[in-house]
Amino acid sequence: MSIVKPDMSVNLAGIPLRNPVMTASGTFGYGEEFSEYVNLEAIGAFVTKGLSLKPRAGNPTPRIVETPGGMLNAIGLQNVGIDAFIAKKIPFVRTVNTPCIANFFGDTVDEYAEMTRRLNEIPEVVALEMNISCPNVKQGGIVFGTDPACAASVVAACRAVTQKPLIVKLSPNVTDVVAMARACVDAGADSLSLINTLIGMAIDLKKRRPVLANVTGGFSGPAIKPIALRMVWQVARAVKVPIIGIGGIMNATDALEFILAGATAVQVGTASFINPGAAQTIVEEIEAWMVANGVADIKTLIGALEV
Amino acid sequence: MQFTSMILSNAEISPGYWRMRLTAPQEFAAATPGQFVMVRVNGAIDPLLRRPFAVFDVGVHTPPQSGAVPQVYFEMLYRVVGKGTAMLSALHETDLLDILGPLGTGFDQGNADEEKLIVGGGIGLAPLYLLARELVTRKSPVRLFAGGRTRDDILCITEFERLGVECYTATEDGSLGEQGLVTEALKRRLDALKGKATLYACGPDGMLHAVAKIAAQYGIPCQVSLEGYMACGVGACLGCVAPGKGHSPETPDYRCVCTEGPVFESSDLKWGA
Ligand SMILES: Cc1cc2nc3c(=O)[nH]c(=O)nc-3n(C[C@H](O)[C@H](O)[C@H](O)COP(=O)(O)OP(=O)(O)OC[C@H]3O[C@@H](n4cnc5c(N)ncnc54)[C@H](O)[C@@H]3O)c2cc1C
Ligand SMILES: Cc1cc2nc3c(=O)[nH]c(=O)nc-3n(C[C@H](O)[C@H](O)[C@H](O)COP(=O)(O)O)c2cc1C
Ligand code: FES
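Residues numbered from 1 in each chain as written. Chains lettered and ligands numbered in written order. Predicted model: local features only at pLDDT ≥ 70, side-chain atom pairs only at ≥ 80, totals over all residues. Heavy atoms only, no water.

Undergrad: Tell me about the site of ligand 1, residues and numbers included.
TA: All names here are of chain B. Residues in contact with ligand 1 amount to 20 residues; listed here are only the nearest, Arg51, Pro52, Leu77, Gly84 and Thr85. The separation between a nitrogen atom of ligand 1 and a polar side-chain atom of Tyr229 is 3.4 Å. Protein chains shield 79% of the accessible area of ligand 1, which is 860 Å² for the free molecule. Of all the elements in the fold, those that place two or more residues in the shell around ligand 1 are strand 4 (51–54), strand 6 (71–79) and helix 1 (83–89). (Near = heavy atom within 4 Å. Polar contact = N/O pair within 3.5 Å; in protein donor to acceptor, adjacent residues only side chain to side chain. Areas by Shrake-Rupley, 256 points an atom, 1.4 Å probe, with all protein chains shown as cover. Helix = DSSP H or I, 4+ residues; strand = E, 2+ residues; numbered from the N terminus.)

What follows is the structure, encoded as structure tokens:
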């Protein structure tokens, strides 16, 4: 029997999504920037730029450079801060009938917890995504997401102050991503998203200088997909919470590969820069693929990789 | 807006400099001077990001055949500097390109009676032609100061002259116009005008900085069009920012070049930061 309208809905830690395709933090502004190019109500969810208690001005320039098949960014987490987010960005979010997930970060455990409290009070924010790829300024700058104990303590502190679904976004810049994943789940994460950017670098030979003012930057785009797929596959086998696959997703094939590897949902990042309608296009392509391949329910594909 | 555009022509107008004409939807006719487009050079992932280019000109072409529909077009002037621009230069008539635009905040055209002095360095002339055309339409007196390293870097001067704009040129090697920097001719004109004018500039950083200084010295308004390394062109990545006037390492003040700019009042920016 042929499928006319495949079921693309998934449930992400209690959030029903019309389909598994969301946008990735830092690549989609606060949603509004893209409203001219994407039907926001055609995608599963959208994730805000990383938010902090105080506004952040970000890093010196150059902040971006392209490399073959990818890009490096050292934006420096520039964002409007939680107060301006509520005052200036939420009114738009309210007009869109699509779950908004707030991505956030802090410099200390207390800041993360305070951000969680603030975001917890915003009805338009249906879930929280913690970016733990940030240095803990109170502990010699160790990146929360690279030490299981550090990660567990910050996740536990946030978990204690919200009932909303708490997604922890893992850093790939670790030796053992499974150990990190387990630590975060044990500390109360409802879902894990991965991967954040890989730390990379580019050099200008002529000037004998690094291209980015910050010297190093986060590597994203199609070039990182194999690493992201591998990590999603490893983590999905090790933990029971739903996984969000991120890294180099450019089209439906990429997205479906992540789902086979064990992701319940995916995030589209760098691709939105190249094609602002990328997330919506991927939804349409997945639907067409399901029809063509006789897949009635996308949930049957989650983790269906045959090894 | 995002649209698929067909190349109508693509020609090298001076060694290393190309001019491309492309089809555009009706709404594109509203593009204003100083706005830009983000061009997806090809459908593959290398180059990955779109490339930003100023709107050099926009117009409507009515084909001579009877019953033919008028077609909105725009033009870009580009310099081959790397992979993406080299690929653009290899494209031909009827090839298709994916375009985002017109984007950004362009030039403010000020009040009509004051003289407008436009300063362009090399490929920096790209956003200035449409500006000159609009200013002339509004009956402003306009003069162009075009600088470059050699005569090959002085582009499209006849186009400006055809608008009735008086053009001054200067090259560092003296191969065209005065030898030296075009800012010298600019200062002479400002002295003659007793400092009553508006400046517009686009070009290499050194030139923009010099023009901004001149504007400050003469106490006159000056708008500059900046470049920034862009990923999205729509204000989402925050990669393209430039330091604003209040900027210091302790109190950073960054302006978004793709949305607040690319055109800024020179006095709103921090120079030499
Ligand atoms: C608002 C704006 C308007 C512009 N208008 C014009 C124009 O009208 N004509 C023209 O010739 N050039 C223009 N440029 C510059 C043009 O975008 C770059 O020359 C072009 O992107 C280089 O691409 P490439 O692949 O050939 O070079 P690459 O090999 O990628 O790099 C060469 C150099 O180009 C610059 N560059 C590369 N990618 C980008 C990017 N995504 N954003 C900004 N700079 C980049 C970098 O400085 C780099 O070092 C404009 C830039 C901006 C920001
Ligand atoms: C310019 C830029 C800014 C980003 N900002 C954030 C951020 O603020 N918070 C965050 O958790 N991730 C941020 N990311 C990481 C992305 O959300 C995503 O994890 C990463 O880019 C990998 O996906 P991709 O290859 O599809 O881009 C950013 C990425 C880019 C390219
Ligand atoms: S280019 Fe992305 S914010 Fe300006």
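Undergrad: Provide a residue-level description of the environment of A:Lys88, including the pertinent values.
TA: Within the element layout of this structure, A:Lys88 appears in helix 1 (residues 81–94). Placed 58 residues apart in sequence, A:Lys88 and A:Tyr30 show a C-alpha to C-alpha distance of 10.0 Å.

Undergrad: Could you give an account of the packing of aromatic side chains, naming the residues involved and the relevant values?
TA: Going through the model one piece at a time under the given rule, you end up with 13 aromatic pairs over all chains. Between B:Phe3 and B:Phe74, the ring centres sit 6.4 Å apart and the planes meet at 85°, which makes this aromatic pair edge-to-face. Here the residue B:Phe3 occupies a position in strand 1 (residues 2–14), and B:Phe74 occupies one in strand 6, the gap between them amounting to 71 residues. Each member of the pair, B:Phe3 together with B:Phe74, is buried. Taking the centre distance of 6.5 Å and the plane angle of 20° together, the rings of B:Trp18 and B:Tyr78 count as stacked. Linking B:Trp18 in strand 2 (residues 17–23) with B:Tyr78 in strand 6, this pair joins segments that are 60 residues apart in sequence. Here the two residues B:Trp18 and B:Tyr78 agree in accessibility, since each one is buried. Among the aromatic residues, ring-to-ring pairing joins A:Phe104, A:Tyr112 and A:Phe144 into one connected group. Looking at A:Arg63, its charged tip hangs above the ring of B:Tyr254, at a distance of 4.6 Å from the centre. Over the ring of B:Tyr73 we find B:Arg21, and its NZ or CZ is 3.7 Å from the ring centre. (Phe/Tyr/Trp six-rings, centres within 6.5 Å; stacked < 30°, edge-to-face > 60°. Buried < 20%, exposed > 50% of the residue type's maximum accessible area, 1.4 Å probe, protein only. Lys NZ or Arg CZ within 6 Å of the ring centre and 35° of its normal.)

Undergrad: Quick rundown of the interface of chain A and chain B? Include the residues and the values.
TA: Across the contact, 30 residues belong to chain A and 24 residues belong to chain B. At the boundary of chain A with chain B, total buried surface from both sides reaches about 2,300 Å², with 63% on carbon and sulfur atoms. In this assembly, chain A and chain B are joined by one salt bridge. For A:Glu66, the salt bridge identified is with B:Arg51, shortest N-O distance 2.8 Å. Counting every contact that joins chain A to chain B gives nine residue pairs in polar contact (both at pLDDT 80 or more). Those elements that provide at least two residues to the side of chain A that touches chain B are strand 5 (64–67), strand 6 (70–73) and helix 7 (271–274) of chain A. With three residues, the top contributor of residues to the side of chain A that touches chain B is strand 5 of chain A. Split into classes, the residues belonging to the side of chain A that touches chain B amount to 15 nonpolar, eleven polar and four charged. (Contact = heavy atoms within 4.5 Å. Buried area = accessible area lost by both parts, 1.4 Å probe. Salt bridge = Lys/Arg side-chain N within 4 Å of Asp/Glu carboxyl O. Nonpolar A, V, L, I, M, F, W, Y, C, P; charged D, E, K, R; others polar.)

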